[in-house]
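# A structural walkthrough
One letter stands for each residue in the lines below.
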Amino acid sequence: MDKLTQSEIIEKAKTLTGWEVWEDTLRSERKFKDFVEAIAFVNRLVEPAEAADHHPDLAISYNRVTISLTTHDAGGLTEKDFALAQAISQIA
């Protein structure tokens, strides 16, 4: 999978809500009522990540989950990152 150009990244980022481009990473932070809801959300990420064979980096801090996507093998953002971000955006 080829790394996207900066202009491709800018255009694709416009199609996402709740995500930001930070260096070579897509990031989104979700806030939940409590730790149990945050973990339940993380568990719902397993299926789409496995189906895409692309796995996000996750940081959990009580009721907050930070999701980071990048394609390490490509050294930056690729189509896979934006596709998985779209799938994650559909998860409540």
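Attention in this report is confined to the structure presented alongside it. Everything quoted here is computed from the prediction, not taken from an experiment. (Residues numbered from 1 in each chain as written. Predicted model: local features only at pLDDT ≥ 70, side-chain atom pairs only at ≥ 80, totals over all residues. Heavy atoms only, no water.)

## Digging into unusual backbone geometry
In terms of backbone geometry, most residues other than glycine have negative phi values and most peptide bonds are trans. Quick note on the threshold: A run of H or I in DSSP counts as a helix once it spans at least four residues, and a run of E counts as a strand once it spans at least two, with each numbered from the N terminus.
Unlike most non-glycine residues, E23 shows phi in positive territory, near 55 degrees. Tracing the backbone through its elements, the reader meets E23 in the loop between β1 (20-22) and β2 (25-31). We note that D53 has phi near 50 degrees; this positive angle belongs to a residue other than glycine. Looking at the secondary structure, you find D53 in the loop between α2 (35-52) and β3 (57-61).

## Structural notes on helix α3 (residues 79-89)
Since the α-helix advances by 3.6 residues per turn, residues separated by three or four positions end up pointing in the same direction. Note the cut-off: Categorising residues by exposure relies on relative accessible area from a 1.4 Å probe, with only protein chains included: less than 20% of the type maximum marks a residue as buried, more than 50% marks it as exposed, and the intermediate range marks it as partly exposed. Note that the arc is computed from the directions linking the helix axis to the C-beta atoms. Any two residues whose heavy atoms approach within 4.5 Å are treated as being in contact.
Turning to α3, its buried residues number three or more, namely D81, F82, L84, A85 and I88. An end-on view of α3 places all buried positions within 165 degrees of arc, on one side of the element. In this structure, the buried residues of α3 make contact with α1 (6-13), β2, α2 and β4 (64-69).

## Quick look at the pattern of salt bridges
Selection criterion: For this analysis, a salt bridge means a side-chain nitrogen from Lys or Arg found within 4 Å of a carboxyl oxygen belonging to Asp or Glu.
Going through the model one piece at a time under the given rule, you end up with 5 salt bridges. Across the pair E11 and K14 runs a salt bridge, and its minimum N-O distance is 3.1 Å. According to the relative accessible area criterion, K14 is exposed, its value standing at 60%. Of the charged contacts in the structure, one is a salt bridge between K12 and E79, with a shortest N-O distance of 3.2 Å. Highlighted residues: K12 in helix α1 and E79 in helix α3, separated in sequence by 67 residues. K12 gets classed as partly exposed once you look at its relative accessible area, which sits at 24%.

## Focus on α2
Put simply, the rule reads: Any helix carries an expected span of 1.5 Å times its number of residues minus one. Counting of polar contacts relies on pairs of N or O atoms within 3.5 Å, with two restrictions inside protein: one atom must be capable of donating a hydrogen and the other of accepting it, and residues adjacent in sequence are counted only when both atoms are side-chain atoms.
With 18 residues, α2 extends 26 Å from end C-alpha to end C-alpha; this agrees with the ideal 26 Å at 1.5 Å per step. Within α2, burial applies to A38, F41, V42, L45 and A49. At its buried positions, α2 is contacted by β2, β3, β4 and α3. With a side-chain oxygen lying 3.2 Å from the backbone nitrogen of V36, the N-terminal cap of α2 falls on D34. Remark: D53 follows α2 within two positions and exhibits a positive phi of approximately 50 degrees.

## Thoughts on the pairing of β2
For clarity, the threshold we go by: Strand pairing follows a simple DSSP-based rule, namely that at least 2 bridges must link the two strands.
Taken together, the 3 bridges between β1 and β2 define a ladder with antiparallel strand orientation. In the sheet register, V21 faces β2, and the bridge partner there is L26. Between β1 and β2, which pair antiparallel one after the other, the connecting turn spans 2 residues, and E23 there sits at a positive phi close to 55 degrees. In this sheet, β4 lies alongside β2 in antiparallel orientation, the contact comprising 6 bridges. Within β4, the residue paired with L26 across the bridge is L69.

That is the geometry; function is a separate question.
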